[in-house]
Amino acid sequence: MDTIAMILSVIGCLNWGLVGIFQFDLVAWLFGGQGSLFSRIVYTVIGLAGLWCISFLFRRHALAEGE
């Protein structure tokens, strides 16, 4: 699960980089626009993966303390 969440987060980061640098939304382009059902599903899944990755911060801290 962690690996999948990390891969999806990287995809999201790359998409935001494209938006910021080139004003090109790859997800919207691939799935028929920002408002299409498929694009919204992809955005939601990537957002949930990003939330999952927040837990990495706390797990790393807990491992460093030996818990």
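Note that the coordinates shown come from a computational prediction; the quantities given were computed from them, not determined experimentally. (Residues numbered from 1 in each chain as written. Predicted model: local features only at pLDDT ≥ 70, side-chain atom pairs only at ≥ 80, totals over all residues. Heavy atoms only, no water.)

> Explain the pattern of salt bridges to me, and be specific about the residues and the numbers.
Close approach of charged atoms lets side chains of opposite charge pair. This model, assessed by the stated rule, comprises 1 salt bridge. The salt bridge partner of Asp2 is Arg59, with a shortest N-O separation of 2.7 Å. Taken together, the residues span a long stretch of sequence, with Asp2 in helix H1 (residues 2-22) and Arg59 in helix H3 (residues 37-65) at a distance of 57 residues. Of the residues examined, Asp2 reaches a relative accessible area of 29% and is grouped as partly exposed. Look at Arg59 and you get partly exposed, because its relative accessible area is 34%. (Salt bridge = Lys/Arg side-chain N within 4 Å of Asp/Glu carboxyl O. Helix = DSSP H or I, 4+ residues; strand = E, 2+ residues; numbered from the N terminus. Buried < 20%, exposed > 50% of the residue type's maximum accessible area, 1.4 Å probe, protein only.)

> Can you tell me about a nonpolar patch on the surface, naming the residues and giving the values?
A contiguous nonpolar patch, built from Ile21, Phe22, Phe24, Leu26, Trp29, Leu30, Phe31, Leu37, Phe38, Ile41 and Val45 and spanning about 1,200 Å² of accessible area, is present on the exposed surface. Contributing elements (two or more residues each) for the nonpolar patch: H1, helix H2 (26-31) and H3. (Patch = residues over 30% accessible without salt bridge, like charges linked within 9 Å, V, L, I, M, F, W, Y side chains within 5 Å. Areas by Shrake-Rupley, 256 points an atom, 1.4 Å probe, with all protein chains shown as cover.)

> Explain unusual backbone geometry to me, using residue names and the numbers behind them.
Positive phi is not limited to glycine here, since Gln23 has a value of about 55 degrees. Mapped onto the secondary structure, Gln23 falls in the loop between H1 and H2. Gln23 sits in the exposed class, given a relative accessible area of 74%.

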